[in-house]
Amino acid sequence: GFMICLQQLACIFRIAACITQNEQIERCADILDCVADSVYCSVCACMQTQQHEQIKLRDPAARAPGEIQGAMQPPSRQTMVS
């Protein structure tokens, strides 16, 4: 949500700069674009890290040797005792 708001605000500033031909408004739009891009990159990095951790929980081959089995693994097979 925040990232989209920044991009929309930058667009509004860019339109205002085109209409008024004001260089300062154009610079503000550039700064807002840079901030929006930085927020986007940080959000993507967090999402990729979370996805990697979820894959490690589900796929034993993706885990490092000796790493603890995740809670999302099915229970071990049980046998009947007679």
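In this text the structure is predicted, and so the values were computed from the model without any measurement. (Residues numbered from 1 in each chain as written. Predicted model: local features only at pLDDT ≥ 70, side-chain atom pairs only at ≥ 80, totals over all residues. Heavy atoms only, no water.)

## Topic: the overall build of the protein
Turning to step 1, where the next piece is worked out: Secondary structure assignment for the protein yields 2 helices and 0 strands.
Turning to step 2, where the next piece is worked out: Within the protein, the fraction of its 82 residues that count as buried is 15%.
Turning to step 3, where the next piece is worked out: Residue pairs in contact within the protein that sit at least 24 positions apart in sequence constitute 22% of those at least 6 positions apart.
Turning to step 4, where the next piece is worked out: Accessible surface computed for the protein: about 6900 Å², of which carbon and sulfur atoms make up 62%. (Helix = DSSP H or I, 4+ residues; strand = E, 2+ residues; numbered from the N terminus. Buried < 20%, exposed > 50% of the residue type's maximum accessible area, 1.4 Å probe, protein only. Contact = heavy atoms within 4.5 Å. Areas by Shrake-Rupley, 256 points an atom, 1.4 Å probe, with all protein chains shown as cover.)

## Observations concerning the environment of Thr49
Turning to step 1, where the next piece is worked out: Mapping Thr49 onto the fold places it in helix α2 (residues 23-58).
Turning to step 2, where the next piece is worked out: Classification of Thr49 by relative accessible area gives partly exposed; the value is 49%.
Turning to step 3, where the next piece is worked out: Within polar-contact distance, the side chain of Thr49 engages the backbone oxygen of Ala45 at 2.9 Å. (Polar contact = N/O pair within 3.5 Å; in protein donor to acceptor, adjacent residues only side chain to side chain.)

## With respect to the nonpolar core
Turning to step 1, where the next piece is worked out: Residues Met3, Leu6, Ala10, Leu32, Ala36 and Val39 constitute the largest nonpolar core, which totals 6 residues.
Turning to step 2, where the next piece is worked out: Elements supplying a minimum of two residues to this core: α1 (2-20) and α2.
Turning to step 3, where the next piece is worked out: Aside from chain neighbours lying at most four places away, what touches Met3 is Ala36, Val39 and Tyr40. (Core = buried A, V, L, I, M, F, W, Y, C linked by side-chain atoms within 4.5 Å.)

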